[in-house]
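# Residue-level structural notes
What follows is each chain in one-letter form.
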Amino acid sequence: MKFITDMKEGLNDVQNMLFEKNWNPFIRPLVLLLIVFIAVWYVNGVASSKVWEAQRKVDAKKAEAESAKEYEDSKALYERLVKRLPDYSKKDEWLLSQMLSFFNKVGVEPTRTGRHILDEDGDFTHSSVDVNLELTYEQLGKLIELIENNEHFMRISNLTVSRAEGSLGRLQAGLRVHTLFLKGNESSKSAK
């Protein structure tokens, strides 16, 4: 109870000093409090800016590491894909010889072969040929498998299939086969 009585007397004394406009006892604690507040604000600002700068550097290093890893992964993928491209020095006859080899393996003969088209685009040469043939479902599946799963990069587009007239179980198919050649990718590789 003594504590509550002392607090009431202390608050009454403070009230009397404020009423009499006697500020002197409050000036020193307020100045000290203001100095402490400014010091804490300054130290906190300096520390937070250093923390922010350190966090920014850490984020930049993370981004740099991710970019470096992505670059290395892309570079490795590019090198693997380039190894799958056929020899540039044989660009004129390579695709046609591959197609003839596939037709031989499947046991079909093309009814019509379009002209071999070569398009230059920067470092790459796009090669394509159109083919029409008559074959069975099984032969078509085997031909697609041979082309698409070839160790060298080859793809099929514009595949059209219809029933061959007058032949039960035979198909009339048209397709375009594509590959790419990289200029400067010349080696002693032989076409398989």
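A short tour of the structure in this document, coming up. The structure displayed is predicted, hence computed values, not measured ones.

## Brief notes about the overall build of the protein chain
Looking only at helices and strands, the protein chain has 4 helices and 5 strands in total. In the protein chain, the succession of α and β elements from N to C terminus is α-α-α-β-β-β-α-β-β. A compact globule built from 192 residues would reach a C-alpha radius of gyration of about 16 Å, whereas the protein chain, at 41 Å, exceeds it by more than 25%. Counting only C-alpha atoms and orienting by the principal axes, one finds that the protein chain spans roughly 120 × 45 × 25 Å. The buried share of the protein chain, reckoned over its 192 residues, is 22%. Look at the contacts in the protein chain between residues 6 or more apart in sequence, and 67% of them connect residues 24 or more apart.

## Regarding the packing of aromatic side chains
Counted under the stated rule, the structure contains 1 aromatic pair. Relative to Phe181, the ring of Trp94 has its centre 6.1 Å away and its plane inclined at 90 degrees; by these criteria the two rings are edge-to-face. In this pair, Trp94 is assigned in helix 3 (residues 94-106) and Phe181 in strand 5 (residues 170-182), connecting sequence segments 87 residues apart. Note on Phe181: relative accessible area 0%, which makes it buried.

## Some points on the environment of Arg112
Mapping Arg112 onto the fold places it in strand 1 (residues 110-113). Once the C-alpha coordinates of Arg112 and Asp73 are considered, the two residues, 39 residues apart in sequence, prove to be 43 Å apart. When neighbours within four sequence positions are excluded, Arg112 is seen to be in contact with Asp130, Val131 and Asn132.

## Brief notes about a nonpolar patch on the surface
There is a patch of nonpolar side chains on the surface, built from Leu34, Phe37, Ile38, Trp41, Tyr42 and Val43 and spanning about 730 Å² of accessible area. Mapped onto the secondary structure, Ile38 falls in helix 2 (residues 24-83). Ile38 gets classed as partly exposed once you look at its relative accessible area, which sits at 44%.

## Quick look at the environment of Thr111
Tracing the sequence through the fold places Thr111 in strand 1. Since its relative accessible area comes to 51%, Thr111 is described here as exposed. Among residues more than four places away in sequence, those in contact with Thr111 are Asn132, Leu133, Glu134 and Gln172.

## As for the pattern of salt bridges
Taken as a whole and assessed by the stated rule, the structure comprises 7 salt bridges. In this structure, the salt-bridge partner of Asp73 is Lys69, at a minimum N-O distance of 3.1 Å. You can see Asp73 and its partner Lys69 sitting in helix 2, 4 residues apart, about one turn around the helix. Lys69 gets classed as exposed once you look at its relative accessible area, which sits at 53%. Across the pair Arg170 and Glu134 runs a salt bridge whose closest N-O atoms are separated by 3.4 Å. Here Arg170 is found in strand 5, whereas its partner Glu134 is found in strand 3 (residues 124-136), with 36 residues between them in sequence. By relative accessible area, which is 26% here, Arg170 ends up partly exposed.

## Quick look at the nonpolar core
Ranked by size, the top nonpolar core spans 23 residues in total, and within it Met99, Leu133, Leu143, Ile147, Met154 and Val177 carry the most contacts. Among the secondary structure elements, those contributing two or more residues to this core are helix 3, strand 3, helix 4 (137-148) and strand 5. Once residues lying within four places of it in the same chain are set aside, the contact partners of Leu143 are Phe102, Phe103, Val106, Leu133 and Leu175.

What counts, and where the lines are drawn
- Residues numbered from 1 in each chain as written.
- Predicted model: local features only at pLDDT ≥ 70, side-chain atom pairs only at ≥ 80, totals over all residues.
- Heavy atoms only, no water.
- Helix = DSSP H or I, 4+ residues; strand = E, 2+ residues; numbered from the N terminus.
- Rg over C-alpha atoms; globule rule 2.2 N^0.38 Å.
- Buried < 20%, exposed > 50% of the residue type's maximum accessible area, 1.4 Å probe, protein only.
- Contact = heavy atoms within 4.5 Å.
- Phe/Tyr/Trp six-rings, centres within 6.5 Å; stacked < 30°, edge-to-face > 60°.
- Patch = residues over 30% accessible without salt bridge, like charges linked within 9 Å, V, L, I, M, F, W, Y side chains within 5 Å.
- Areas by Shrake-Rupley, 256 points an atom, 1.4 Å probe, with all protein chains shown as cover.
- Salt bridge = Lys/Arg side-chain N within 4 Å of Asp/Glu carboxyl O.
- Core = buried A, V, L, I, M, F, W, Y, C linked by side-chain atoms within 4.5 Å.

It is worth stressing that arrangement in space is one thing and function is another; only the former is reported here.
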